[in-house]
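# Analysis of the macromolecular model
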Amino acid sequence: MDFKHLLKKQREFVFQGHLRSFKQRKQILERLKELIAQNEEKLFQALNKDLGKSNMEAYFSEVAFCMREIDHTLKNLKDWMAPVSITAPLSLQPGSAQILSEPYGSALIIAPWNYPFQLQISPLIAALAAGNAAVLKPSELSPNTQEVIIEMINSAFPPEAVYCVGGGIAESTDLLQQKFDFIFFTGSPQVGRIVMSKAAENLTPVCLELGGKSPCIVHKDADLDVAARRIVWAKFFNTGQTCVAPDYVYVHESIQSTFLDKLKTTIANFFGDDPYQSKDYGRIVNSKHLHRLLAMIDSSKLVVGGGYNADENYLAPTVLSEVEWTDAVMQEEIFGPILPTLTYSDVDDVLRTLYEKPKPLAAYFFTADHKLQEKMFNAFPFGGGCINDCILHMVHPDLPFGGVGTSGIGSYHGKWGFETFSHKKPRLKKSTWGDIDFRYPPYTESKINWMRRVF
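The notes below deal with the structure included here. Every value quoted in this text rests on a predicted model; they were computed, and no experiment measured them. For every chain, the first residue of the written sequence is number 1, and numbering continues from 1 along that sequence. At least 70 in pLDDT is required for a residue's local features to be given in this predicted model, at least 80 for side-chain atom pairs to be given and counted, and no such filter applies to totals for whole chains, interfaces and linings, which use all residues. With hydrogens and water stripped out, all remaining heavy atoms of the structure feed into the side-chain values.

## Topic: the sheet that holds strand 2 (residues 95-103)
The cut-off we apply is this: Here the rule is simple: two strands pair whenever DSSP picks up at least two bridges between them. Strands are runs of DSSP state E lasting at least 2 residues, helices are runs of H or I lasting at least 4, and numbering of each runs from the N terminus. Whenever a helix is involved, its axis is fitted only over the stretch in contact; in every case the axis is a line through C-alpha atoms, and angles between N-to-C directions fall within 0 to 180 degrees.
In space, the three strands of this open sheet follow the order 1-2-18, with antiparallel pairing throughout. Here the strands that pair on one side only, and so sit at the sheet edges, are strand 1 (84-86) and strand 18 (422-430). Here the strands of the sheet are splayed against their neighbours by 25 degrees on average, with no regard to which way each runs.

## Notes on the packing of helix 2 (residues 22-38) against helix 4 (residues 55-81)
Defined as follows: Each angle gets one of four labels, with under 35 degrees taken as roughly parallel, over 145 as roughly antiparallel, 65 to 115 as roughly perpendicular, and the rest as oblique. Contacts between residues were defined by any pair of non-hydrogen atoms, one from each residue, lying within 4.5 Å.
For the pair helix 2 and helix 4, interaxial distance at closest approach is 10 Å and the crossing angle is 170 degrees. Compared by their axis directions, helix 2 and helix 4 come out roughly antiparallel. Contacts between helix 2 and helix 4 involve F22, R25, K26, L29, E30, L32, K33, I36 and A37 from the former and V63, C66, M67, I70, D71, T73, L74, L77, K78 and M81 from the latter.

## Quick word on the side chain of E333
Condition: Only protein chains enter the accessibility calculation, which uses a 1.4 Å probe; a residue whose area is less than 20% of its type maximum is buried, one above 50% is exposed, and one in between is partly exposed. Counting rule for charge: Lys and Arg are taken as positive, Asp and Glu as negative, and neither His nor the chain ends is counted. Definition used for salt bridges: Asp or Glu carboxyl oxygen within 4 Å of a side-chain nitrogen of Lys or Arg. Here a polar contact means two N or O atoms within 3.5 Å. Within protein one must be a hydrogen donor candidate and the other an acceptor candidate, and residues neighboring in sequence count only if both atoms are side-chain atoms.
Relative to the elements of secondary structure, E333 occurs in the loop between strand 13 (318-320) and strand 14 (338-344). In this structure, E333 is buried with no salt-bridge partner, the nearest side chain bearing the opposite charge being R292 at 8.0 Å. Within the local environment of E333, its side chain forms a polar contact with the backbone nitrogen of G212, the two atoms lying 3.1 Å apart.

## Side note on a nonpolar patch on the surface
Counted only if it meets this: What goes into a patch is any residue over 30% in relative accessible area without a salt bridge, connected to like charges within 9 Å or, for nonpolar side chains (Val, Leu, Ile, Met, Phe, Trp, Tyr), within 5 Å. Per-residue and other accessible areas were derived by the Shrake-Rupley procedure at a 1.4 Å probe size, with only the shown protein chains allowed to occlude residues.
Side chains of V84, I86 and I99 sit close together on the surface and give an oily, nonpolar patch of about 220 Å² of accessible area. By the element assignment, I99 lies in strand 2. Among the residues examined, I99 registers a relative accessible area of 32% and is labelled partly exposed.

## With respect to empty space enclosed by the protein
Our working definition: Cavity: a set of points on a 1 Å grid over the protein atoms alone where a 1.4 Å probe fits but cannot get out. Pocket: an open set with protein on both sides within 12 Å along at least five of seven lines, its lining residues, like those of a cavity, having an atom within 4 Å of a point. Grid points are joined across faces, edges and corners, and a volume is the space filled by probe spheres set on the points. Asp, Glu, Lys and Arg are counted as charged, while Ala, Val, Leu, Ile, Met, Phe, Trp, Tyr, Cys and Pro are counted as nonpolar; the rest, among them Gly, fall into the polar class.
Scanning the model with the defined rule gives three cavities of 30 Å³ or more in all. Considering only enclosed or pocket space, the largest cavity measures out at about 170 Å³ in volume. Contributing to the lining of the largest cavity are 15 residues, with S61, Y115, Q118, I391 and M394 lying nearest its centre. Among the elements that line the lining of the largest cavity, the one with the most residues is helix 4, at three residues. In the lining of the largest cavity, the residues fall into 12 nonpolar, three polar and no charged.

## Quick notes on the packing of helix 3 (residues 40-51) against helix 6 (residues 143-154)
Look at helix 3 against helix 6: their axes get within 7 Å of each other, and the N-to-C directions meet at 155 degrees. Considering the angle they form, helix 3 stands roughly antiparallel to helix 6. Here K42, L43, A46, L47, K49 and D50 of helix 3 lie close against helix 6, whose contacting residues are P143, N144, T145, V148 and E151. Tallied by class, the residues present in the contact of helix 3 with helix 6 amount to five nonpolar, two polar and four charged.

## Things to note about helix 13 (residues 370-377)
Spelled out, the test is: Directions drawn from the helix axis to the C-beta atoms are what define this arc.
Along helix 13, the residues that are buried comprise L372, Q373 and M376. Down the axis of helix 13, the buried set is contained in an arc of 105 degrees. They therefore lie on one face. The outward face of helix 13, more than 90 degrees from its buried face, is lined by the exposed residues H370 and K371. Sitting at the amino-terminal end of helix 13 is D369, which places a side-chain oxygen 3.0 Å from the backbone nitrogen of K371.

## Let's talk about the state of the cysteines
Rules: Two cysteine sulfur atoms form a disulfide, by the criterion used here, when they sit within 2.5 Å.
For the structure on display, the rule yields zero disulfides. Cysteine C386 is unpaired, with the sulfur of C390 as its nearest cysteine sulfur at 6.6 Å. A relative accessible area of 9% means that C386 is categorised as buried. In this structure C390 is a free cysteine whose sulfur lies 4.6 Å from that of C216, the closest cysteine sulfur available.

Keep in mind that these numbers describe shape and distance, not what the molecule does.
Structure representation (structure tokens):
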């Protein structure tokens, strides 16, 4: 595929107004929904091959997520598209002002490997809702899912509307050389810097969904049974390969022993005595990432887990205790099934530490104290989070999802995705009557006085 020619065709497609009306956007989104339903079984098989995902995990986090996103978008899109009227001040009367939502043009959407379908299709829904054409680049590290997406998209849509590019780093590099009108990237901060640098060469606007070490604090008054279940579920969902998973847990020293016991019990309840045999527990994406994770495990601090099978990229759900910030596991985002726990006595010390760290994508707080909930949630910057739960803030269709600083730029989901893929174009419409001449030269003292009164 000649990418320059493809972009030219996509820009012409947008210019000709093929996605201008609500009806046109509704039709293409409904077609996308049909495709997802038709390919559900293929997606289940591909996600299982790539990541060992169970059908339940694949449905909840990939298929159903996108279907719900389309339904929510179709329900609200006509309102989102409507021009927003703004009252014109006296100085601009007689006249009216509006804000129009205009598509950027051709959008490049680069997806990661951990949720290879959802994180490709969800931003596509937003891009199409806003009237853009799109070029998709699925991750080569999830090759089976990439193959399904390519077949699904390229067989159903003309390339001038949506086109999916296969391949790996070479193709991604080539795409980033092109002058897209917008770039949406989900991945690591390291690659995000490269994407932003390439976009800067063409002054192309970007949305970067990155990651970071998302903290979790469990205070001494928390419901430990609920906290253990929700943290274990969130941490080991998709084998820990989730950008908003709790990266580590700060536990009040008075409840440390009890909480660790509850984590061990919960892991056994979820995945059995041997998680390797569980159909509900997945695998690490490849050998490289498995060995990266193994290097983080300090056996002297092991509470549970640590077992692995290199032939199948299996790593057991693992919990570490008495972890310090100098340990290997705390030097980068874990992105795997290892849960370090640290202890604290004074929550203010923890909040000060977190304020001085890079801004994470998410944060989670378990406490029954409402004042402390507010204090924790507002103590330091992060993308978004939950009180007494984990991850589920990103499921709410009307909440923006995105990072801040090193964890990302921009947000999406629901209306926020429509806004991200739309340029807000202001329009002032003036009447031709009442054209008072005090704004025109030659300027006199009298005209200046009139100007003072108006402004």
